[in-house]
Structure formats: C-alpha cells, structure tokens
Amino acid sequence: MKLFLNLARALFTIAILLAIAAQLSFDTLAAALHHPLSFTTDAHARLQTFSRVIALLSIAFIYISFHFEQALIAALNRYKTLLGSDFKASRQELNAYLKKERTHLLALIAITLLGAALRAFYINTEIKYDEAANYILFADRPFVSIFTIYTMPNNHILHTVFMRLSLLIFGNSEVALRLPAYFAGVLCIPVTYFLTRALFATEVVAFIATLGVSISTQLVEYSVSSRGYALQCLFTLVSFLFLVRLLKNKRLLDTLIAGTALGLGFVAHPAMLFAAFTMGFWILFTEKLQLKTIVLPLLIGIAVTILGYLPAALTVGAHYIYKNPTVAPQSWSSFFQELPAFLKELYLRWSFGHFPAIPYVIGAILIVGALKFRKVSKHKMPHSVPLLFGFSLCLFLTHKIPPIRTVIGIAPLFIIAFAEAASALFLNSQKILRGMAIFCTVFLTVGLFSLNRIPELALFPESTTLVGISKTARQLAETVKPNDRIVLPFPDDILLHYYFSKRYGGNPNQLLTHVPNQTVGNGRIFVIRQSKPPIVIELPNTQR
C-alpha cells in the first residue's frame, strides 16, 4: 500500500508540473532550453499538447493503481520473486564458470588488456572534426539541451550524455571526451567472448572472435572517437547475448536486459536498425525461434527508444529524426550506382584492408570455412548467411547508402562469423590455429602501434583532423590581441574553434572562415595554411 501511495503522489506531482509547463510562454521555454533556434512555435504547441496528455494519463494511472491495487501488488510480488530467482541462478552460473574455466578467464583478461592498451595508445591524439562539432554543438550544453536538440544526426544522444558527465568529472581534454567510447570499446571484447560461447560449443571460436574484436582497426578507431559508435557496438553485443540466453533459459532478467540494451543501442545511434535486422535474421535462421519469447524484449526496446527520442521529437519535430539527410531514402538509380563501391569499401574496412593481402585471406576462409560449419556449430546454417541476408535486406528497405561508420555496430558479428569459419576449417589442426593466432596478433599489433608514429599514413581514412592544430591554437591564444582575426577555412575551422576558444580561452569572435574585405580596426589578420603541421601567415596590409 505504501508503494502505491508514494507512486501516486509522485505521479500527481508530475501531472501538476506538466500542467504548469503547458502554460509557460514560448519565450520562457526557449530560454530554459539554451537553444532558442531549435525551439520553434510549432515545438511549443507540440510540447503543450504532450504535457496535457501526460497529465491526464498520470491521473488515470493514479485511479487504476488504487482501483486494482491488490492485483497490481500481487503481480509486482510475482515479478520480484522471478527476478530474485533469476539473479540467483545467474550468480550460480557465473561462480561455476569462474571455477571451471579459470585458464580461459586468464586468456580472456590478457586479450582484453591487449585491446585496452591498443585503444589507450590512440586516446590522446588530436580531436577530429566530428568530435569537435559534437562537443561544441551538443556536449558543451546543459543536459536538457542534449535531449532536445536534434537538428542534425551528429547528436548521438546517449553517448553525448556520457560525454557530458565525463567532461564535468574530468574537465575538458581529449581523453575526457573519449572515455565513454573507450570504455564501451574495451567492454566489447569480453562481451564478444561470452556471446560466442553462448552460440558455439567450442571455445576456439570464442577466442578467435575475441581476438579479432580486440585488434580490429575499425573497432580500435571508434573506441577512441567521442561518438556513439562504440556504444552501439556494445549494446548490439549485449542485447544479442541476452536474446540468445533468453531463448535457452526463458528468464525475465534476460528479457529485461535484452530489451533495454536494444533500446539503448538505438538511443546511442539510430543506425542500430542494421544491427537489429541482422540479429533478428541470425536468430531466425540459426535458433529454434519462439515468437512469444522475443515479443517482450522487442516491445521494451521500442519503449526505451521512444523515451530517448521523445524530447527531441517534441522540441524540433520527429522529421529531424527519421527524415534527416543521413537516413532519408535516396533514388534507386543513385542507390545502385553507389552500392558496389560501398560494399567494397565496407569489406576492406572490416577485414584489415590497411594490410593488402589480409582481405583476400579472410574472404577465402569465410567461403571455404562456411561449407564446414557443422564441425563447430549445431545451427541450421553458417552465421555468415543470416548476417549477409539481414544486412542486405535492411539496406534495400531503407534504400540509402549509409556512411560506413554508422554500420560499425555489426562489425563484431562479422568477426564472429569469420571466427566460426576459421575454427571449422582448422579445428583439427590446433597447431595451425595457434600459429595463426600468434602471427596475426603480433603482426597486427605491431602494425597498429607503428602506424601511429607516421601521421601521413591514413590508418583511419574517415578520421579528419589537422595534425598540429592544438599546438598552433595554443600559440595563437597566447599571442593574439583583441582586435586580431584568425582565418581558417571550413571544415578545419571547427577544430580551431575547439582548441582556441574551448581549451585555451581564446575569443571565438576572432575566428573567421575567410579573409575579410575590410580592415578590422588596427588589428592583424593571421591566415592558417592547411598543412601538416599548420603554418600561420600574417597578411600584410596590402593583401587585406
């Protein structure tokens, strides 16, 4: 009874606050959101309507909670008992695993530490364009603005929230900006192991997949990029792991975690749709599917997604979420024209294309090993088939060629499919497997560490930064006078804006993207040449 009284009071308070919010003027709400340009009169009308609806629903729930009090209390107690038994069973499984597979656990820790070290090696590199834009436009604002501003898909809402928390705790630095992505990327490594162990009987597949995720150039890159892609990868793996567990154990705890992780993946990045399609077909083709079992986690995932994007939909409009240029469908002619180049580049990125021979080796192993998949799997078909089918179907349904980075969420599933094929091909040749693992680990690890020493080598081709801009911005912040102006063309101006004004305290009004036609007072004009490192040139008066 006490629970329902407290809940009723809380809902009654929410109803009153929302009713008050619905009466606030447009100017008051626009000022409170700290982003008046994205808050229009249409948004104000939507927010008023929503506030009134939620207020009425809160009052209705208060009535229902009292009218059906005994039935609701009985249901809550039943679910509480179920969750308690699920927690107990999961804890017993974990304890049994720690006792039985201590050697495997030590190997997993070693592989995870290798991946953590690789990612830590890159975490303090200079900020890139998308990271700087994400910080300036979204993460450097109050939390309410993070949830309500979605005028462009650069705001990966859940990641931006974690990014904001990291900045508040650790201050503004490259490392602080990237810590959420870094930890998400490192956690992908052990989760990959447990997912693969749940899918396959042999630990060989699990260790190959875990090693691949640990040293993948793509996953290393996006684990040290302050964007939502690493979180998308993590929630893909977590939701997939607990969906597989759910199909085997039918536990309420697995249902809640699978559904919540699925929804959080969408809030981290809407391109989670590709991962959701792929997981769905993977389960449909390889597991004994029971539709009733997966309906509840799917509904939970939808609910979490709606809650994550609802403030933005009310503030700027839902069309910014599903009709922005990044996700809006393109013409079929341009789609088919761009598709071959996209698929080729995607495969090269996922198969260590920085090292020319490796993609061909991986392709041969995938094809030949898939024919022998029954050596390591009891499923109906090799996992590469539903992976390819689910991804292709989602691509054609959206008929939009996405940026390659947005589909990074299914890269770990590609690596798991490769691990299955490699294990099936060399299962009876343990020495070959060990030799391949050692060679690949040493070769790729040395390659990843050494390439970082040569900035001209584009290890991460999508990463855009102006090498040396941090040092240049600091020198300018220390030497320019109030009337001086600094010119750096788009898009590198956003990098200068981050370092000059956000890190080193310079005046952002001194930054320009082109040389002004008129002299600005008696100030000087500095033009930054986009070279490596950048060169600062002071323009003579005759050239202004």
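Given the structure is predicted, the values throughout are model-derived calculations rather than measurements.

With respect to burial, strand 3 (residues 525-529) is a largely interior element, four of its five residues being buried. Of the strand pairs in this sheet, strand 1 (residues 485-487) and strand 3 are connected by three bridges, and their pairing is parallel. The residue of strand 3 that forms the bridge with Val487 is Val527.

We now examine the nonpolar core. Counting 97 residues, the largest nonpolar core has Leu195, Phe240, Phe342, Trp350, Phe391, Ile408 and Leu413 as its most contacted members. For this core, the element with the most residues is helix 12 (residues 229-249), which contributes 15 residues. Membership of the second largest hydrophobic core comes to 25 residues, among which are Tyr135, Ala176, Ile469 and Leu476.

Before going further, it helps to examine a nonpolar patch on the surface. There is a patch of nonpolar side chains on the surface, built from Phe143, Phe147, Phe162, Leu165, Leu168, Ile169 and Phe170 and spanning about 670 Å² of accessible area. Listed by contribution, the elements that provide at least two residues to the nonpolar patch are helix 7 (143-148) and helix 8 (157-170). Considering every element that reaches the nonpolar patch, the biggest residue donor is helix 8, with five residues. The topology assignment puts Phe170 in helix 8. Residue Phe170 is classed as exposed on the basis of its relative accessible area of 56%.

Here we come to helix 22 (residues 469-479). Counting along an α-helix, one turn takes 3.6 residues, and residues three or four places apart therefore face a common direction. Among all positions in helix 22, only Ile469, Ser470, Thr472, Ala473 and Leu476 are buried. Buried residues along helix 22 cover an arc of 160 degrees about the axis, so they all sit on one side. Looking at helix 22, the residues exposed on the side facing more than 90 degrees away from the buried face are Lys471, Glu478 and Thr479.

Relative to the elements of secondary structure, Phe242 occurs in helix 12. Take Phe242: its relative accessible area is 17%, and that puts it in the buried class. Separated by 15 residues in the primary sequence, Phe242 and Ile257 have C-alpha atoms spaced 6.7 Å apart. What Phe242 contacts, discounting residues up to four positions off in sequence, is Asp254, Ile257 and Ala258.

Scanning the model with the defined rule gives zero disulfides in all. The thiol of Cys188 is not disulfide-bonded; the next cysteine sulfur, from Cys233, is found 5.2 Å away.

On to empty space enclosed by the protein, then. Throughout the structure, instances matching the rule amount to one cavity of 30 Å³ or more. Roughly 40 Å³ of internal volume is contained in the largest cavity. If you go around the largest cavity, the residues you meet are Arg119, Gly185, Cys188, Val213, Leu219, Tyr222, Ser223, Ala230 and Cys233. Looking at the lining of the largest cavity, the elements that each hand over two or more residues are helix 9 (174-199), helix 11 (217-223) and helix 12. No other element matches helix 11, which puts three residues into the lining of the largest cavity. Along the lines of polarity and charge, the residues of the lining of the largest cavity split into six nonpolar, two polar and one charged.

Among the structural elements, His383 can be located in the loop between helix 18 (358-370) and helix 19 (384-398). For His383, a relative accessible area of 0% translates into the label buried. For the pair His383 and Phe373, spaced 10 residues apart in the sequence, the C-alpha separation amounts to 8.7 Å.

So, about the side chain of Ser166. As for its position among the elements, Ser166 is in helix 8. The residues contacting Ser166, other than those within four sequence positions of it, are Gly171, Ala176, Leu179 and Pro180.

Further remarks concern the packing of aromatic side chains. The tally for this structure, following the rule as stated, stands at 18 aromatic pairs. Seen from their ring centres, Tyr193 and Phe207 are 5.1 Å apart, and the 45 degrees between their planes marks the pair as tilted. With Tyr193 in helix 9 and Phe207 in helix 10 (residues 203-215), the pair connects residues that are 14 residues apart, well separated along the chain. The same class applies to Tyr193 and to Phe207, which are both buried. Put simply, the rings of Trp332, Phe335, Phe336 and Phe396 pair up and form one aromatic cluster.

The subject of this paragraph is the confidence of the model for the protein. Predicted confidence across the protein gives a mean pLDDT of 77, with 72% of residues reaching 70 or more. Within the protein, the lowest mean pLDDT, 54, falls on helix 21 (residues 430-451), and the highest, 93, falls on helix 9. Per-residue pLDDT stays below 50 along residues 450-463; that stretch engages in 27 contacts with residues further than four places along the chain or on separate chains.

Here we take up the side chain of Arg119. Secondary-structure assignment places Arg119 in helix 5 (residues 102-122). Here Arg119 sits buried without a salt bridge, and the closest side chain of opposite charge, Glu221, lies 11 Å off (N-O distance). There is a polar contact of 3.0 Å between the side chain of Arg119 and the backbone oxygen of Val213. Once residues within four sequence positions are removed from consideration, Arg119 is found in contact with Tyr182, Gly185, Val186, Ile189, Val213, Ser214, Leu219, Val220, Ser223 and Val224.

Moving on: the pattern of salt bridges. The full count for this structure, using the stated rule, is four salt bridges. A salt bridge links Arg405 to Asp130, with the nearest nitrogen and oxygen atoms 3.9 Å apart. Placement of Arg405 in the loop between helix 19 and helix 20 (411-426) and of Asp130 in helix 6 (residues 129-139) is noted, with a sequence separation of 275 residues between them. The partner of Glu174 in a salt bridge is Arg503, and the shortest N-O contact between them spans 3.1 Å. One end of the pair, Glu174, is in helix 9; the other, Arg503, is in helix 23 (residues 493-503), and 329 residues separate them in sequence. According to the relative accessible area criterion, Arg503 is partly exposed, its value standing at 23%.

Our next topic: the environment of Gly468. With respect to the helices and strands, Gly468 occurs in the loop between helix 21 and helix 22. By relative accessible area, Gly468 is classed as buried at 19%. Through-space distance from the C-alpha of Gly468 to that of Glu126 is 7.8 Å; in sequence the pair is 342 residues apart.

Rules of the game
Residues numbered from 1 in each chain as written. Predicted model: local features only at pLDDT ≥ 70, side-chain atom pairs only at ≥ 80, totals over all residues. Heavy atoms only, no water. Buried < 20%, exposed > 50% of the residue type's maximum accessible area, 1.4 Å probe, protein only. Helix = DSSP H or I, 4+ residues; strand = E, 2+ residues; numbered from the N terminus. Pairing = 2+ DSSP bridges. Core = buried A, V, L, I, M, F, W, Y, C linked by side-chain atoms within 4.5 Å. Patch = residues over 30% accessible without salt bridge, like charges linked within 9 Å, V, L, I, M, F, W, Y side chains within 5 Å. Areas by Shrake-Rupley, 256 points an atom, 1.4 Å probe, with all protein chains shown as cover. Salt bridge = Lys/Arg side-chain N within 4 Å of Asp/Glu carboxyl O. Arc of directions from axis to C-beta. Contact = heavy atoms within 4.5 Å. Disulfide = S-S within 2.5 Å. 1 Å grid on protein atoms, 1.4 Å probe; cavity = no way out; pocket = protein on both sides within 12 Å on 5 of 7 lines; lining within 4 Å. Points joined across faces, edges and corners; volume = space filled by probe spheres on them. Nonpolar A, V, L, I, M, F, W, Y, C, P; charged D, E, K, R; others polar. Phe/Tyr/Trp six-rings, centres within 6.5 Å; stacked < 30°, edge-to-face > 60°. pLDDT = per-residue confidence, 0-100. Lys, Arg positive; Asp, Glu negative; His and termini not counted. Polar contact = N/O pair within 3.5 Å; in protein donor to acceptor, adjacent residues only side chain to side chain.

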